[in-house]
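# Chains, contacts and geometry: an overview
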Amino acid sequence: MSQLLQVIINGIALGGMYTVLVLGFSIIWGVLGVINFAHGEFVMLGAYTAWLANDQLGLDPFLAAPLVFLFMMMVGFAVQKILVNRVIDRPHLVSLLVMFGVSIILSNGMKLIFSADFRRNDTALDGSWQLMDGVTIPVTKFFVLLAALGIVSALSVFLQRTRMGKSIRAAAQNREAARIVGIDVKKVYAITFALCIGITGAAGALISPILAVQPFQGPPLTLKAFAITAMAGLGSIKGALGGAMILGLIEAGLAIYISGIGTNLAVIASFVILVVALVLRPQGLFGGLRPVDAMAS
Amino acid sequence: MRRLQRILALVFALAMIGAACGTDAESVDNAIEPSEEDSGSSGDGAEDEATSEDPDDSDDSAMEETVGFAGTIKFGAALSETGKFSVEGKDSRQGYDTWAEWVNNEYGGIKVGDDRYEVEIIYYDDESDADTAANLIQRLIDEDEVNFLLGPYSSGLTTGASAISEANGVIMVEGNGTSDSMFERGFENLFLVGTVASDYTKSGIEAMAASGATTAVIAYEDTSFPTAVAQGAIAHLEANGIELLATEKYPKDIQDVSAIMTKFRDLEPDIFIGGGHYNDAVLFANSAKELGFKPDAMLITVGPSNPKLVSELGDDVAGILGPTQWEASMAYEGDYFGTAGDYAAYYESLWGEAPVYQAASATASGMALMLAIESAGSLDTDAVRTALRGLDAEIFYGPISFDERGVNIGKPMGTVQIQDGEIKVIAPDKAAVADLVFPIGE
């Protein structure tokens with residue numbers, strides 16, 4: 001019984017981590033129709049920024065996360081202005097390839113600057129809380145989960161209640177119609193991209209005490225974000241949260257209850273769910289802003 | 001739907017390319033730790049661009065001293081100057097050059113009978129590619145007519161390169177390709193001065209068994225090298241009467257090991273053995289802490305001998321054990337370079353940096369060949385091969401004596417433990433500078 005409880009705690013904790021990792025990717029895909037192949041590299045950039053903040057200023061990654069968010073928003077804004085905006089009206093494949101190029105530039109550029117040595121960010125919020133005999137709560141992941149829920153709530157309010165949020169949703173649903181009613185779509189895209197890269201960078205800061213920080217940590221994170229987004233629904237915030245939690249729980253369960261190869265099965269699981277969801281429900285399990293096979297415009 | 005299919009196909013293709021590019025991270029993992037990859041990397045075998053350089057290019061004055069030599073013995077090596085093993089390639093080359101520098105300028109040349117011979121090493125860049133390395137070995141044999149070969153870096157490259165040297169009947173001595181499978185081919189001309197992968201955990205497990213450990217669990221990345229290490233560990237556990245409670249495999253690039261560690265925690269083993277890459281070491285240390293999993297000892301196969309791990313993880317890795325081929329602090333000593341520490345000082349005077357074990361292994365490969373040539377008193381391949389088989393020496397790197405496979409069974413793998421923030425060699429006894437602390441925290 002205590003093991004089952006521990007599995008659920010592990011799964012939710014993992015789900016929290018996946019949630020912060022997937023949000024930015026999901027919204028960029030949902031709103032702009034851009035598959036951000038450099039997503040993992042932006043996570044890595046955020047993680048390095050947080051690591052630097054700790055190394056140079058002694059700032060805990062949880063305190064650094066808001067600053068990393070602002071810094072990465074500026075990075076995102078610049079990338080959007082210089083690159084994404086120029087290819088956004090062209091087929092999906094073009095932006096996909098552009099972002100793939102960005103991912104290679106970022107990872108190799110960071111390798112040149114920081115070398116491929118891995119780093120780990122320290123946090124005061126580490127260790128475990130003993131809930132009962134044989135059941136512990138991982139402290140760092142608990143606070144990552146809290147942060148994830150905070151970001152999810154703030155984003156939901158922003159998208160549902162604010163004028164800019166409504167513009168973003170309108171632009172996601174129908175770009176031309178949004179233009180006709182006077183929405184400055186380019187501005188909406190710029191803000192969306194900057195916001196999402198900011199969130200992605202903050203996610204990097206939050207997970208920097210959990211995963212080793214190194215220039216080539218991005219690709220597996222991008223693939224995970226891709227799987228969760230396509231499965232749960234493009235640009236859907238509740239989808240990102242729900243998909244991440246489902247996957248976290250399935251992975252934790254498989255890894256513990258199947259002996260020897262459970263962890264391998266857990267990795268396969270996300271793609272099995274992805275394939276099934278794409279075939280049976282292309283709009284995602286939770287219903288996204290657009291179906292996964294929507295046209296670029 | 002066709003558009004969707006195209007996108008998914010492209011995403012898959014890019015993921016594959018991305019994964020291939022991502023292997024660069026391993027290259028530097030490998031730079032400081034034992035983790036050879038068996039897979040080759042990109043590279044089209046453009047050997048014409050390979051660089052051949054003068055031997056001993058570190059010191060022009062060496063050429064003037066060649067007057068005193070009866071002749072030159074040509075050694076050849078394919079090493080990675082570019083590609084994913086460029087860091088290890090550089091370390092290996094510095095190791096070989098340290099040996100050549102020492103032989104030519106300090107020792108006075110290799111003794112063959114009454115004559116002294118200068119060492120010349122011809123290098124080519126294998127671009128971290130197995131096919132290129134094999135082609136270059138052929139070139140070294142055919143065009144440069146080298147007398148002997150020194151090994152490339154990694155098991156993957158050595159596997160192909162040694163097949164060529166074997167087919168041509170040229171001896172290759174190496175220190176940085178340790179997969180057991182290479183030595184199960186019945187080759188007569190391949191010799192390894194280092195310890196094979198399956199023995200990485202041997203001295204550590206023996207030390208823990210002697211301290212009273214009775215149960216263990218193992219988690220390992222299911223790629224070639226970690227698997228060989230883990231299978232060796234399973235055999236050593238059994239040989240030492242330690243019961244294996246559970247074994248877990250996990251994929252490369254894993255991001256969470258809490259399920260594995262939860263399962264292990266509930267089994268309450270004395271020893272946890274785990275390994276793959278550096279990131280795994282971070283995950284294991286973090287996860288054990290957040291789950292309250294406190295075995296009496298943790299042996300992590302990749303990471304603990306790297307000072308970076310200690311500085312990054314601090315107290316979280318206190319007491320953790322790990323294997324190492326060689327450390328400058330080891331208590332080995334020989335007639336030539338002196339102690340391991342003396343060797344490290346000489347190396348540092350040449351290159352301005354401390355030697356990593358890849359460099360020490362390279363120097364030791366040259367030393368083994370030199371000792372065999374001197375013992376044979378001849379440059380004849382058969383005579384030197386026989387001398388290598390009969391070699392029984394101790395140098396700064398440890399004892400050297402080859403078995404019938406060509407593996408050095410004289411030198412046991414070292415085991416380090418992180419004690420008070422320092423990496424201390426605790427096994428084997430001959431090399432140890434500190435006692436094993438078991439259980440952790442005692």
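Quick summary incoming for the structure in this document. Here the structure is a predicted model, which means the values were calculated and not measured.

Here is what the cut-offs are and how they apply
Residues numbered from 1 in each chain as written. Chains lettered and ligands numbered in written order. Predicted model: local features only at pLDDT ≥ 70, side-chain atom pairs only at ≥ 80, totals over all residues. Heavy atoms only, no water. Helix = DSSP H or I, 4+ residues; strand = E, 2+ residues; numbered from the N terminus. Contact = heavy atoms within 4.5 Å. Areas by Shrake-Rupley, 256 points an atom, 1.4 Å probe, with all protein chains shown as cover. Buried < 20%, exposed > 50% of the residue type's maximum accessible area, 1.4 Å probe, protein only. Phe/Tyr/Trp six-rings, centres within 6.5 Å; stacked < 30°, edge-to-face > 60°. Lys NZ or Arg CZ within 6 Å of the ring centre and 35° of its normal. Patch = residues over 30% accessible without salt bridge, like charges linked within 9 Å, V, L, I, M, F, W, Y side chains within 5 Å. Salt bridge = Lys/Arg side-chain N within 4 Å of Asp/Glu carboxyl O. Buried area = accessible area lost by both parts, 1.4 Å probe. Pairing = 2+ DSSP bridges. Axes fitted to C-alpha atoms, helices over the stretch in contact; angles between N-to-C directions.

Turning our attention to the overall build of chain B. Within chain B, the regular secondary structure consists of 14 helices and 15 strands. Counted over contacts in chain B with a minimum sequence separation of 6, partners at least 24 positions apart contribute 71%. About 15200 Å² of surface is accessible on chain B, with carbon and sulfur atoms providing 46% of the total.

A tally of regular secondary structure across chain A gives 11 helices and 2 strands. Reading chain A from its N end, one meets helices and strands in the order α-α-α-α-β-β-α-α-α-α-α-α-α. Expressed as a percentage of its 297 residues, the buried residues of chain A come to 59%. A sequence separation of at least 24 residues applies to 78% of the contacts in chain A between residues at least 6 apart.

This paragraph deals with the packing of aromatic side chains. Two descriptors summarise a pair of aromatic rings, namely the distance from one centre to the other and the angle between the planes of the rings. For the structure shown, the criterion picks out 29 aromatic pairs over all chains. Measuring from centroid to centroid gives 4.6 Å for A:Tyr48 and A:Phe114, while their planes differ by 25°, and the two rings are stacked. With A:Tyr48 in helix α2 (residues 39–57) and A:Phe114 in helix α4 (residues 92–114), this residue pair connects regions lying 66 residues apart in the sequence. The interplanar angle of 90° and the centroid separation of 6.0 Å between the aromatic rings of B:Trp102 and B:Tyr336 together place this pair among those described as edge-to-face. Of the two residues, B:Trp102 is situated in helix α4 (residues 86–107) and B:Tyr336 in the loop between β11 (321–324) and α12 (340–351); the sequence distance between them amounts to 234 residues. B:Tyr336 gets classed as partly exposed once you look at its relative accessible area, which sits at 28%. Of the aromatic side chains, those joined through ring pairs into one cluster are B:Trp102, B:Tyr107, B:Trp326, B:Tyr336, B:Phe337, B:Tyr343, B:Tyr346, B:Tyr347, B:Trp351, B:Phe396 and B:Tyr397. Here B:Arg116 stacks its cationic end above the ring of B:Tyr107, 5.0 Å away from the centre of that ring. Lying over the aromatic face of B:Tyr397, B:Lys411 brings its terminal NZ or CZ to 5.2 Å of the ring centre.

Residues and elements named next belong to chain A. On the surface, Met-1, Leu-4, Ile-8, Ile-12, Leu-249 and Tyr-257 cluster together to form a nonpolar patch covering roughly 580 Å² of accessible area. Put simply, the parts of the chain that give the nonpolar patch at least two residues each are α1 (2–32) and α10 (237–257). Counting through the fold element by element, Leu-249 comes out in helix α10.

As a further point, take the interface of chain A and chain B. Across the contact, 60 residues belong to chain A and 48 residues belong to chain B. Buried surface at the junction of chain A and chain B, summed over both partners, amounts to about 4600 Å²; 62% is from carbon and sulfur atoms. Of all residues in chain A, A:Phe118, A:Arg120 and A:Thr263 give up the largest surface area on contact with chain B, accounting jointly for 15% of the area buried on that side. For A:Asp126, the salt bridge is made with B:Lys289, and the minimal N-O distance between the two is 2.7 Å.

All names here are of chain B. With respect to the helices, strands and loops of the structure, Asp-129 is situated in the loop between β3 (115–125) and α5 (130–142). Looking at Asp-129, the relative accessible area reads 6%, which means it is buried. As a C-alpha pair, Asp-129 and Thr-82 span 47 residues in sequence and 9.5 Å in three-dimensional space.

Bringing the sheet that holds strand β1 (residues 71–79) of chain B into the picture now. Residues and elements named next belong to chain B. Taken in spatial order, the 6 strands of this open sheet run β2-β3-β1-β4-β5-β6, and their pairing is mixed. The strands lining the two open edges of the sheet, one partner per strand, are β2 (110–112) and β6 (190–192). If you compare each strand with its neighbour and ignore which way they point, the axes differ by 30° on average. Two elements, β1 and strand β4 (residues 148–150), share 2 bridges in a ladder whose sense is parallel. Note on β4: the bridge partner recorded for Phe-75 is Phe-148. Each of β1, β2, β3, β4 and β5 (172–174) touches α4; the most contacted strand, β3, lies at about 160° to it.

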